[in-house]
Protein chains: 2
Amino acid sequence: MTRLDTRDPGFAAGFAALLDTARETTARVDAAVAGIIGEIRAEGDAALLRLTARFDGWQPAGAAALRVTPEEIEAALAGIAPELLAALDLAATRIEQFHRAQMPRDLELPDPAGLTLGLRWTPLDAVGLYVPGGKAAYPSSVLMNALPARVAGVGRIAMAVPAPGGQLNPLVLAAARRAGVAEVYRIGGAQAVAALAWGTATIAPVDRIVGPGNAYVAEAKRQVFGRVGIDSIAGPSEVVVIADASNDPRHVAVDLLAQAEHDEAAQAILITDSAGFADAVAAAVAAELESLPRAAIAGESWRRHGAIILVRDWEEAFGLASRLAPEHLQLMLPEPRAAMARVRHAGAAFLGRYCPEAIGDYVAGPNHVLPTGRTARFASGLSVFDFLKRTTWVEASPAGLAAIGPAAVALAEAEGLQAHGRSVALRLG
Amino acid sequence: MTRLDTRDPGFAAGFAALLDTARETTARVDAAVAGIIGEIRAEGDAALLRLTARFDGWQPAGAAALRVTPEEIEAALAGIAPELLAALDLAATRIEQFHRAQMPRDLELPDPAGLTLGLRWTPLDAVGLYVPGGKAAYPSSVLMNALPARVAGVGRIAMAVPAPGGQLNPLVLAAARRAGVAEVYRIGGAQAVAALAWGTATIAPVDRIVGPGNAYVAEAKRQVFGRVGIDSIAGPSEVVVIADASNDPRHVAVDLLAQAEHDEAAQAILITDSAGFADAVAAAVAAELESLPRAAIAGESWRRHGAIILVRDWEEAFGLASRLAPEHLQLMLPEPRAAMARVRHAGAAFLGRYCPEAIGDYVAGPNHVLPTGRTARFASGLSVFDFLKRTTWVEASPAGLAAIGPAAVALAEAEGLQAHGRSVALRLG
């Protein structure tokens, strides 16, 4: 864990190092992935069956066996505790509500010159949702990726989830059912991404692929981009907590560790104006690590990437937070809304002393798929906008064209595009 | 030019070939670009000066000479015909109005459970705008890229435009001034993209880079992506015109050629229900090519990539247009709005017989930076949304947390993330 103090002469260099630390060393898998994509494009289902047997350790009986049946989903549901299904349902309902409120409206703008301008939002036809299998199978991630697509009106959502040894996580299937995903394939890796992008005899191609995955999945998404849309490739998770000394140090410590337990490469940063509070939080982190099941991961993240920054005043804190542009920002201050107004960049903000980031991971309603690695300077979390696209339109009458056409002709000729000019001039009569 | 008829048995194969034709063969410049980016990162301005001398054929006196002065911009303006400046101003005013109408509103949603959820839109701090130099210098493109950023509230727009032999296009400078871009550098190529992304002593880094460019510029944008945001890499331009026999064949022919004159790789497609009209348009294309200054380019595009598709009825036409998902769609039919409602994917639509696509390139108001190569299935044209990002937020009271916190704890524990659960449970008291 790094301790910095804005009063120290070495602060600028220390903070710059914190900003520049690359927390990820992704293995180069370009060639392997290109090979897998090539096999799927050339052989379709046959390659998909062969690669599934090789990488997931089970032999599908045939292409039809790749699809999870409604009976299997029902059977999975039967084994889940009712309170867990209720929690999933509460989460889904709140996520739906928040994303429904985001839906944009079409524009139709009549124009004094006699034209009408418009903007139409329409959903994508088909979306592929990648869901990691095995130990990192997160039902919350199924809800967060599938529900915005459903709310946006996407007609078809095809989900790919690898089944290591043939096994699927029942709660992932329950989340898919709650999110209205009826088309689930037990496939994974680069081969699943390739099958969704290019299609096979049994899997129709989609228009966009979203969802987290390992290095192979991320590289496959990069390589199919252009053929289909993709979401951004998420880096390790991160939080910045800005807290004054009135907070319970243990609350802050656990909030930091909740981020750190994701991954050794995760980053948790506390910014405070009290050296005493900083010490108390550091001590509480150490104490909590004693009893945390994922202490090995969380401890490693905290030691390697954790930081406590001592500031002279809150304006300084807000400036540093803007430069960090964190995925998650907790504002544990007396006036958190005023504080938020001063931080220019963050993926998601959590306001007040009773708002741990973890409620945003599951049940608050906003999306938990968020920009990492300082990309909140220019990027946003997943939303209905990821599943909608715009068509702008212009409707012109002869009078409307007469009003603005001559300017178009002048500009087209200045740019040396005479057919452009002629297409307008011909109609000016 | 390809002629297809939906009644022919070979239609499906012919149309599939049309969909799959790769119209672009981009040279592989990955290694060269990686080298240039490395030089800029290591040496900053010194490398920028050296590479500008090498690639643009002029020797800047020093780093300060890279920036275009206000006096140079004024001098450029003085030499431009007043009617051209007026056309530029009409275009800018209309583009501003249309993009201002797109601006989204923040959300604040009080919640029966006692939480408040919100979504805040904020502009990017700084944007880099790449503008090609030399013969392909398009002032309209400066307006289309810069004005949405200005309307979105971006504080700083830095423009890079190469000056081959030291020369800049006066109309490009006039467009920059009209768009409120005060920071203009005479730099280009991958070195300009690298300088904008990483910064040098004289050029502060930006958060996102937009604008068209050659293969080096496109590859440089790909390589700096992640460090900064980028816009999509545009492919060759394209239009689908759906027209009945009531149209003037010459109008349609010139509209097709206006697209074709951009580039040999451009694509212009007519869909009609009348074989006679199809013949008349084909003849008119041949006749127009006789007198078109860019006939060599437009003719080559039409021969290689042009197509006329004969359909049985308009529903068939709308279905084919949806599959083509064209950058530009002209609907020259009696009820163009009803027709537009039936085409699911298009970057921009132009409605009626008096609405040539060229007015959209310059003065209509919607953006002319649009998705190409069938990506309108999932992507949209440039807009204020490219220069804004969202921060979602949650504000929770103790009662609010008590209402939804237990569900978060249940889900966190099911996912094996105990610190997540503990961060909520601790506050439930």
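Residues numbered from 1 in each chain as written. Chains lettered and ligands numbered in written order. Predicted model: local features only at pLDDT ≥ 70, side-chain atom pairs only at ≥ 80, totals over all residues. Heavy atoms only, no water.

Visitor: Can you explain the overall build of chain A? Please cite residues and give values.
Guide: In terms of regular secondary structure, chain A is built from 17 helices and 14 strands. In chain A, which comprises 429 residues, the proportion classed as buried is 60%. When contacts within chain A are restricted to residue pairs at least 6 apart in sequence, those whose partners lie at least 24 apart make up 73%. For chain A, the computed accessible surface area is about 15200 Å², with 54% contributed by carbon and sulfur atoms. Within chain A, one finds 38 positive and 46 negative side-chain charges whose respective centroids are separated by 4 Å. (Helix = DSSP H or I, 4+ residues; strand = E, 2+ residues; numbered from the N terminus. Buried < 20%, exposed > 50% of the residue type's maximum accessible area, 1.4 Å probe, protein only. Contact = heavy atoms within 4.5 Å. Areas by Shrake-Rupley, 256 points an atom, 1.4 Å probe, with all protein chains shown as cover. Lys, Arg positive; Asp, Glu negative; His and termini not counted. Charge placed at Lys NZ, Arg CZ, Asp CG, Glu CD.)

Visitor: Residues and numbers for the UniProt feature "binding site: Zn(2+)" (unreviewed entry) in chain A, please.
Guide: With numbering aligned to this structure, UniProt lists the feature "binding site: Zn(2+)" (unreviewed entry) at A:Gln259, A:His262, A:Asp361 and A:His420. Across 162 residues, the annotated set is spatially dispersed, with a maximum C-alpha separation of 55.5 Å. With respect to the secondary-structure elements, A:Gln259 resides in helix α10 (residues 249-260). A:Gln259 sits in the buried class, given a relative accessible area of 0%. With sequence-adjacent residues up to four places away left out, A:Gln259 is seen in contact with A:Ser237, A:Glu238, A:Val239, A:Ala266, A:Gln267, A:Ala268, A:Glu327, A:His328 and A:Glu357. Mapped onto the elements, A:His420 comes out in helix α17 (residues 418-425). Judged by its relative accessible area of 1%, A:His420 falls in the buried class. Not counting residues within four places of it along the chain, the set of residues in contact with A:His420 comprises A:Ala412, B:Ala258, B:Glu261, B:His262, B:Ala358, B:Asp361 and B:Tyr362. (UniProt positions renumbered as here; feature names shortened; annotations may be inferred.)

Visitor: Lay out the pattern of salt bridges in plain terms, naming residues and giving numbers.
Guide: Taken as a whole and assessed by the stated rule, the structure comprises 50 salt bridges over all chains. Between A:Asp279 and A:Arg3 there is a salt bridge, with the nearest N and O atoms lying 2.7 Å from each other. Taken together, the residues span a long stretch of sequence, with A:Asp279 in helix α11 (residues 275-289) and A:Arg3 in strand β1 (residues 2-5) at a distance of 276 residues. You can call A:Asp279 partly exposed: its relative accessible area is 41%. Where A:Glu108 meets B:Arg337, a salt bridge forms, and the shortest distance between an N and an O atom there is 2.9 Å. Separated into two different chains, A:Glu108 in strand β2 (residues 107-110) and B:Arg337 in helix α14 (residues 336-342) make up a pair that spans both. A relative accessible area of 46% means that A:Glu108 is categorised as partly exposed. (Salt bridge = Lys/Arg side-chain N within 4 Å of Asp/Glu carboxyl O.)

Visitor: For the relation of the copies chain A and chain B, give the residues involved together with the corresponding values.
Guide: Rotating chain A by 180° and moving it 0.0 Å along the rotation axis overlays it on chain B with an RMSD of 0.0 Å. Taken together, the rotation and translation describe the operation of a two-fold axis. If distances are taken from each C-alpha of chain A to the rotation axis, the shortest is found for A:Pro104, at 3.9 Å. With an isologous cut-off of 70% or more, the 99% of interface residues of chain A that recur at the interface of chain B puts this contact in the isologous class. (Least-squares fit on C-alpha atoms with pLDDT ≥ 70 in both.)

Visitor: Outline the interface of chain A and chain B, supporting the account with residue identities and numerical values.
Guide: In this complex, chain A contributes 115 residues to the contact, which on the side of chain B involves 114 residues. In this assembly, chain A packs against chain B so that about 10200 Å² is buried in total across both faces, 60% of it on carbon and sulfur atoms. Across the chain A-chain B interface, the total number found is 14 salt bridges. On the surface where chain A and chain B come into contact, there are 64 residue pairs in polar contact (both at pLDDT 80 or more). In the sheet, strand β14 (residues 388-396) of chain A pairs with strand β13 (residues 348-351) of chain B via four bridges, with the strands oriented parallel. Residue pairing across strands places A:Thr392 opposite B:Ala348, the latter belonging to β13(B). (Buried area = accessible area lost by both parts, 1.4 Å probe. Polar contact = N/O pair within 3.5 Å; in protein donor to acceptor, adjacent residues only side chain to side chain. Pairing = 2+ DSSP bridges.)

Visitor: Give me helix α2 (residues 30-43) of chain A: which residues, what numbers.
Guide: All names here are of chain A. Over its 14 residues, α2 extends 20 Å from the first C-alpha to the last, a length consistent with the 20 Å expected when each residue adds 1.5 Å. Among the residues of α2, those classed as buried are Val33, Ile36, Ile37 and Ile40. The buried residues of α2 all sit within an arc of 95° when viewed along its axis, so they share a single face. Projecting away from the buried face of α2 at angles above 90 degrees are the exposed residues Ala31 and Ala42. Taken together, the buried residues of α2 touch α3 (45-56), α8 (189-198) and α9 (215-224). (Expected span 1.5 Å × (residues − 1). Arc of directions from axis to C-beta.)

Visitor: Outline the side chain of A:Thr200, supporting the account with residue identities and numerical values.
Guide: All names here are of chain A. Relative to the helices and strands, Thr200 resides in the loop between α8 and β7 (208-210). Among the polar contacts listed, one links the side chain of Thr200 to the side chain of Asp45, at a separation of 2.6 Å. Other than its neighbours up to four places away in sequence, Thr200 contacts Ile40, Gly44, Asp45, Leu48 and Ala195.

Visitor: Now, about the sheet that holds β2(A): what can you tell me, with residues and values included?
Guide: Paired through their backbone hydrogen bonds, the strands of a sheet run either parallel or antiparallel. Strand order in this open sheet of nine strands is β2(A)-β3(A)-β14(A)-β13(B)-β12(B)-β9(B)-β10(B)-β11(B)-β1(B), and the pairing throughout is mixed. Strands at the two margins of the open sheet, each flanked by one partner only, are β2 of chain A together with β1 (2-5) of chain B. Shown here is a sheet whose adjacent strand axes are inclined to one another by a mean of 15°, direction ignored. Two elements, strand β3 (residues 115-123) of chain A and β14(A), share nine bridges in a ladder whose sense is antiparallel. Following the sheet pairing, A:Thr116 is matched in β14(A) by A:Glu395. Sitting on the sheet, helix α13 (residues 314-324) of chain B is in contact with β9 (238-243), β10 (267-272), β11 (307-310) and β12 (328-332) of chain B, with an inclination near 160° to β10(B). (Axes fitted to C-alpha atoms, helices over the stretch in contact; angles between N-to-C directions.)

Visitor: A description of the packing of helix α2 (residues 30-43) of chain B against helix α9 (residues 215-224) of chain B should follow, citing residues and the corresponding values.
Guide: All names here are of chain B. As a packed pair, α2 and α9 sit with axes 9 Å apart at the nearest point and diverge in direction by 65°. Crossing hand, α2 versus α9: right-handed. Residue-level inspection shows Asp30, Ala32, Val33, Ala34 and Ile37 of α2 in contact with α9, the latter providing Tyr216, Glu219, Ala220, Gln223 and Val224. Per-class residue counts for the contact of α2 with α9 are seven nonpolar, one polar and two charged. (Left-handed = near helix turned anticlockwise from the far one by under 90°. Nonpolar A, V, L, I, M, F, W, Y, C, P; charged D, E, K, R; others polar.)

Visitor: Can you explain the pairing of β3(A)? Please cite residues and give values.
Guide: All names here are of chain A. Most of β3 sits inside the fold, with eight of its nine residues counted as buried. Judged from the four bridges that link them, β2 and β3 form a sheet pairing that is antiparallel. Pairing of Leu109 across the sheet is with Leu117, part of β3. Linking two consecutive strands that pair antiparallel, namely β2 and β3, is a turn of four residues; a positive phi of about 100° is found at Gly114 within it.

Visitor: Outline the UniProt feature "binding site: NAD(+)" (unreviewed entry) in chain A, supporting the account with residue identities and numerical values.
Guide: All names here are of chain A. Within the UniProt annotation, "binding site: NAD(+)" (unreviewed entry) is assigned to Tyr130, Gln191 and Asn214. Judged by maximum C-alpha separation, these annotated positions cover 85 residues in sequence but sit close together in space, the widest gap being only 12.6 Å. Within the element layout of this structure, Tyr130 appears in strand β4 (residues 126-130). For Tyr130, a relative accessible area of 4% puts it in the buried group. In contact with Tyr130, not counting residues within four places along its chain, are Ala160, Pro162, Gly188, Gly189, Ala192, Val193, Val210, Gly211, Pro212, Gly213 and Val217.

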